[in-house]
Amino acid sequence: MDTERIARLERLMAAHGTDIIRLCALQLGDKDQAEDAAQDTFVKAWRALPRFKGECSEKTWLFRIAINTCRDYQRTGWFRHMDRRLTPDDLPLAGQGDAPFFRGEITELVLALPGKQKEAVLLRYYQEMPLEEMARVMGISVSTVKRLLKKANGALRRKLKGWMEDE
């Protein structure tokens, strides 16, 4: 085994493992599936390490692998039939980065939104669901979905305004 490659993978896992699990948890809505997807992400990264040219940050590269892995999971028939209700307690603790995203504050803000607003944001921005499909899933009209997204976006902007001005 290539000890340098093993050390590099271990460093990536230590530095980004929690963030990858959080991303997968939000994308998949299931803690166990998120852990499986994160493990698959690092297996794929292990295989691709020799081809990684450093054209982007390692974190960006890992997130892209994780997003594609989650999309693969979402394409399975089994995924559509499982209960994927996620609570904030199911998410791993946030990393220690400086930006609110890496401390989990944005995630916490999204998960703290009122029920339908939170559901709309997660379906639209994390599941990339079209408005019409969201309306069917939520049992409401498309115009109501748009209103919920507008309210949620406004609430998030107000809460993040101070952080963005610090940048």
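The structure presented is a predicted model; accordingly, all values stated were derived computationally and were not measured.

(A) Region of interest: the overall build of the protein. Helix and strand counts for the protein come out as nine helices and zero strands. Going residue by residue from the N terminus, the α and β elements of the protein occur as α-α-α-α-α-α-α-α-α. Put simply, the protein has 167 residues, and 41% of those count as buried. Put simply, of all contacts in the protein between residues at least 6 apart along the chain, 63% involve residues at least 24 apart. Accessible surface for the protein amounts to roughly 10300 Å². Of this, 52% is attributable to carbon and sulfur atoms.

(B) A negative patch on the surface, seen in detail. A surface patch of negative charge is lined by D32, E35, D36 and D40. Summarising the element assignment, D40 is placed in helix α2 (residues 31-48).

(C) Structural context of the packing of aromatic side chains. Scanning the entire structure with this criterion turns up one aromatic pair. On the basis of an interplanar angle of 35° and a centroid distance of 4.5 Å, the ring pair of F52 and W61 is categorised as tilted. Look at F52 and you get buried, because its relative accessible area is 15%. Sitting over the face of the ring of W46, R5 holds its NZ or CZ atom 4.0 Å from the ring centroid.

(D) Broad picture of the packing of α2 against helix α3 (residues 58-74). Across the interface, α2 lies against α3 with an axial gap of 9 Å and an inter-helix angle of 125°. If you check the angle between α2 and α3, you find them oblique. Taken as a pair, α2 and α3 cross one another with a handedness that is right-handed. Residues Q33, D36, A37, D40, T41, F42, K44, A45 and A48 of α2 form the contact with α3, whose own contacting residues are W61, L62, I65, A66, T69, C70, D72 and Y73.

(E) Inspection of the state of the cysteines at higher detail. All told, the structure shown has zero disulfides when counted by the stated rule. Summary of cysteine pairing: C24 is not part of a disulfide, and the nearest cysteine sulfur, belonging to C70, is at 3.5 Å.

(F) Region of the structure containing the confidence of the model for the protein. Summarising the model, the protein shows a mean pLDDT of 77, and 75% of its residues fall at 70 or more. Considering each helix and strand of the protein separately, the mean pLDDT is smallest for helix α5 (residues 100-103), with a value of 42, and largest for α2, with 93. In this model, residues 91-103 is a region of pLDDT below 50 whose contacts with residues beyond four sequence positions or in other chains number 33 contacts.

Thresholds, definitions, all that
- Residues numbered from 1 in each chain as written.
- Predicted model: local features only at pLDDT ≥ 70, side-chain atom pairs only at ≥ 80, totals over all residues.
- Heavy atoms only, no water.
- Helix = DSSP H or I, 4+ residues; strand = E, 2+ residues; numbered from the N terminus.
- Buried < 20%, exposed > 50% of the residue type's maximum accessible area, 1.4 Å probe, protein only.
- Contact = heavy atoms within 4.5 Å.
- Areas by Shrake-Rupley, 256 points an atom, 1.4 Å probe, with all protein chains shown as cover.
- Patch = residues over 30% accessible without salt bridge, like charges linked within 9 Å, V, L, I, M, F, W, Y side chains within 5 Å.
- Salt bridge = Lys/Arg side-chain N within 4 Å of Asp/Glu carboxyl O.
- Lys, Arg positive; Asp, Glu negative; His and termini not counted.
- Charge placed at Lys NZ, Arg CZ, Asp CG, Glu CD.
- Phe/Tyr/Trp six-rings, centres within 6.5 Å; stacked < 30°, edge-to-face > 60°.
- Lys NZ or Arg CZ within 6 Å of the ring centre and 35° of its normal.
- Axes fitted to C-alpha atoms, helices over the stretch in contact; angles between N-to-C directions.
- Parallel < 35°, antiparallel > 145°, perpendicular 65-115°, else oblique.
- Left-handed = near helix turned anticlockwise from the far one by under 90°.
- Disulfide = S-S within 2.5 Å.
- pLDDT = per-residue confidence, 0-100.

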